[in-house]
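Chain by chain, the residues run as shown.
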Amino acid sequence: MTGTRRKLMMTALSGAGIAVGSVAAGGGAAAADGHSVVVEVRDTFVTTKVKDATSYTYDPALVPAGARVKVRSASVRGQRNVTTLWLGGLKPRTHFMAHVHVGRCGVDPLASGGHYQHRVGGPVDAENEVWFSVRTDARGNARASAAHNWTYEPGRFPESVVVHEHGPQARRIACASVPFAS
Ligand SMILES: [Cu+2]
């Protein structure tokens, strides 16, 4: 085992109120003709010395091994999505950027590929992509969320959230694998 603690919770509620899959109480209200889905992952960052892990730090000075991440994606299919990112135990009082990326995290920071885009080849902005502006507090904790009037597309669900250094280089400093769905 990698020592990584990971929990995945998926909730699916049909519009008719019939439970599909494993349902947790308070999983969210379903639209009249929609389909409400919540995906939530908690994980711990490990260094790239660990093979086949799910979430990596590429810069332990900014994101120490053992720092925590939680990602929650709540959707009403075809209508809207809110993706929320929590980070814990990072470098305090520091500004980071983060995005939803298409690929799974790997030992190579580039393994997660590029940004997920709602309209592929469309604008590189916070409406067509999922961007988070993150500022850690005195304890190194932060929360940010991004809302869209679209949902992740079946067949090409994104697979990670990548944390970048704030600045022109936008160096990749950590990555959390998340099996998004909507
Ligand atoms: Cu990115």
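Residues numbered from 1 in each chain as written. Predicted model: local features only at pLDDT ≥ 70, side-chain atom pairs only at ≥ 80, totals over all residues.

Per an unreviewed UniProt entry, the recorded name for the protein chain is Cu-Zn family superoxide dismutase, and the organism is Actinomadura namibiensis. Recorded in UniProt under Sequence similarities (unreviewed entry), the annotation for the protein chain is "Belongs to the Cu-Zn superoxide dismutase family." (UniProt positions renumbered as here; feature names shortened; annotations may be inferred.)

Asks: Describe the overall build of the protein chain, and please don't skip the residues or the numbers.
Replies: Helix and strand counts for the protein chain come out as zero helices and 11 strands. Counting helices and strands in the order they occur from the N terminus, the protein chain gives β-β-β-β-β-β-β-β-β-β-β. Residues classed as buried in the protein chain amount to 35% of the 182 residues present. Residue pairs at least 24 apart in sequence account for 58% of intrachain contacts in the protein chain once pairs closer than 6 positions are excluded. (Helix = DSSP H or I, 4+ residues; strand = E, 2+ residues; numbered from the N terminus. Buried ≥ 20, exposed ≤ 12 C-beta atoms within 10 Å, placed from the backbone. Contact = placed C-beta atoms within 7 Å.)

Asks: Which residues make up unusual backbone geometry, and what values do they have?
Replies: Positive phi outside glycine occurs at Arg-93, with the angle close to 45 degrees. Unusually for a residue other than glycine, Ala-170 sits at a positive phi of about 50 degrees. Positionally, Ala-170 belongs in the loop between β10 (160-165) and β11 (172-177).

Asks: Account for the nonpolar core, with residues named and values stated.
Replies: If you look at the biggest cluster of nonpolar residues, it comprises 36 residues, and the most contacted ones within it are Tyr-56, Val-161 and Ala-174. Of all elements in the fold, only β3 (35-44), β5 (68-76), β6 (80-88), β7 (95-101), β9 (142-148), β10 and β11 reach the threshold of two or more residues within this core. For Ala-174, the contacting residues outside a window of four places in its chain are Phe-45, Tyr-56, Thr-57, Tyr-58, Val-63 and Val-163. (Core = buried A, V, L, I, M, F, W, Y, C linked by C-beta atoms within 7 Å.)

Asks: Let's hear about the environment of Arg-135: which residues, and what values?
Replies: Within the secondary structure layout, Arg-135 lies in strand β8 (residues 131-135). For the pair Arg-135 and Leu-90, spaced 45 residues apart in the sequence, the C-alpha separation amounts to 10.0 Å. In contact with Arg-135, not counting residues within four places along its chain, are His-95 and Ala-142.

Asks: Pulling in residues and values, what's your account of the pairing of β10?
Replies: In the case of a regular strand, side chains alternate between the two sheet surfaces. Summarising the sheet, β7 and β10 pair through six bridges and their orientation is antiparallel. Bridge pairing links Phe-96 to Glu-165 in β10. As judged from the five bridges shared by β10 and β11, these two strands associate in the antiparallel manner. From the neighbouring strand, Ser-160 faces β11, where its bridge partner is Ser-177. Once β10 ends, the chain turns through six residues before running back antiparallel as β11, passing Gly-167 with a positive phi of about 140 degrees. (Pairing = 2+ DSSP bridges.)

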